[in-house]
Amino acid sequence: SRGALLSVLEDEQRTSRALVRSNRSLQMLSGSNEALIRAQNETDLLKEVCRIAVESGGYSMAWVGYAEMDEAKSIRPAAFCGDDGGSLDWIKLTWNESDPTGRGPAGRCVRDGQPVVCEDVQADPTYYRPEDARRRNYRGVICLPLRDGARTFGLLNLDSVEVRQVSAEEVELLEDLADNLAFGIGTIRARAVKERAEQALVASLHEKEALLKEVHHRVKNNMQVITSLLRLEASRIDHPTTRSVLRDMQNRIMAMAALHEAVYRSESFSRVDLAVYLRQITNQLSRSLVATAGQVSFQLDLLSVAVDLDQAIPCGLIVNELVSNALKHAFPAGRIGEVRIELKESGPGEVQLTISDDGVGLPADFEAVRAKSLGLQLVSDLARQLGGRLRVGPGPKALFEVTFAPGPK
């Protein structure tokens, strides 16, 4: 009969429309997943998903809103695409059930955490402004919750100009889209939190580095002030032995100040290049103790070795004491000579620091002198502090070797 035929045609048309809508939902889901992969920030992601819903899904408007935890339990629109007629600028959405605007599809979606399908909002008494829907000719509305575990933090709202008879399959596809969007939002937020934490950490490290640089710079300056005071005091004293002691103290302090200067100029606050540090100490001693230019030359053969600050100071003081002794005792009466300082590998995980000269050599009673000399006693103590081994000689020429392992003892 004609009636039966019309019924069959209507069923086919409904099936065809449902199939079209399902295909559009699949396209939306696919496009949104691609947007999730490309998204660099949250705002761009929301706008792109709304655009895909309008252009691929065939909706008149799509918008994303976030459920606020304020007193009004408001829903804040965060992004949209399509013809909103300016409504998102002035409507006061809420998910508060006691408020009339909270009883519509959007409020129920957020409150219950479940999709809400309104086939025709113009006939829905719960819709917050049915006259606005009639003015813009909006009929079907689908609200999809954005969930983070058990918490619903927002929704994706899809508006259509046609009455929507949505199948369970289409709702399931749209739920997948909303869940993927929620996951993407969470991922972007987590990444943003991580980036902010990393930026804060980097800023904190830069601040601490600047502070440490300032500390080392101030310590070096304070040590220079002390050496200047010692120099002034020495200039007022006529006793040669006392003046010599004060000068030795100045050189020891300057050796330690040189380390702080090296750290201040380096990129590391835990380790220093021992070769650079020892070269600086040698230059200071040459300017301070060599009375006649060209009388004593220095030959430096220094391997670049990074050591902890706790090892750099003993090494610097050892070089200071032994070079000072050589310059004071090895070249009497204007004798010309050479002081040699070497730093090289001596075995697996060990380096050897050698200080020697071609001066008059060690005295016959060297061991007795060594027992009375503060400087030589310091050398023995500093070698032990390094966890190293001190060797003197062999032969009458002055030669001192300290072997140690760079790194924690």
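Given the structure is predicted, the values throughout are model-derived calculations rather than measurements.

Draft legend 1. Focus on the packing of helix H8 (residues 274–289) against helix H9 (residues 309–330). Running from N to C, H8 and H9 point in directions that differ by 30°, and their axes come no closer than 10 Å. Considered as vectors, H8 and H9 are oriented roughly parallel to each other. Considering the relative orientation of H8 and H9, their crossing is right-handed. Note on element contacts: H9 touches H8 through Ala312, Ile313, Cys315, Gly316, Val319, Asn320, Val323, Ser324 and Leu327, opposite Leu274, Tyr277, Leu278, Ile281, Thr282, Leu285 and Leu289. Here the contact of H8 with H9 is built from residues that sort into 12 nonpolar, four polar and no charged.

Draft legend 2. Quick peek at the pairing of strand S4 (residues 140–148). Within S4, seven of the nine residues are buried, which leaves the element mostly enclosed by the surrounding structure. The pairing of strand S3 (residues 116–118) with S4 spans three bridges and is antiparallel. Paired with cysteine 118 across the strands is valine 141, a residue of S4. In terms of strand pairing, S4 meets strand S5 (residues 151–160) through nine bridges, oriented antiparallel. Following the sheet pairing, aspartate 148 is matched in S5 by arginine 151. Between S4 and S5, which follow one another and run antiparallel, lie two residues, and glycine 149 among them has a positive phi close to 70°.

Draft legend 3. Region of the structure containing the packing of aromatic side chains. Summed over the entire model, instances satisfying the criterion amount to one aromatic pair. Relative to phenylalanine 153, the ring of tyrosine 66 has its centre 6.0 Å away and its plane inclined at 40°; by these criteria the two rings are tilted. In this pair, tyrosine 66 sits in strand S1 (residues 61–67) while phenylalanine 153 sits in strand S5, placing the two residues 87 residues apart along the sequence. The burial state of tyrosine 66 is the same as that of phenylalanine 153; both residues are buried. When the ring centre of tyrosine 66 is taken as reference, the NZ or CZ atom of arginine 189 above it lies at 5.0 Å.

Reading the values: the criteria
Residues numbered from 1 in each chain as written. Predicted model: local features only at pLDDT ≥ 70, side-chain atom pairs only at ≥ 80, totals over all residues. Heavy atoms only, no water. Axes fitted to C-alpha atoms, helices over the stretch in contact; angles between N-to-C directions. Helix = DSSP H or I, 4+ residues; strand = E, 2+ residues; numbered from the N terminus. Parallel < 35°, antiparallel > 145°, perpendicular 65-115°, else oblique. Left-handed = near helix turned anticlockwise from the far one by under 90°. Contact = heavy atoms within 4.5 Å. Nonpolar A, V, L, I, M, F, W, Y, C, P; charged D, E, K, R; others polar. Buried < 20%, exposed > 50% of the residue type's maximum accessible area, 1.4 Å probe, protein only. Pairing = 2+ DSSP bridges. Phe/Tyr/Trp six-rings, centres within 6.5 Å; stacked < 30°, edge-to-face > 60°. Lys NZ or Arg CZ within 6 Å of the ring centre and 35° of its normal.

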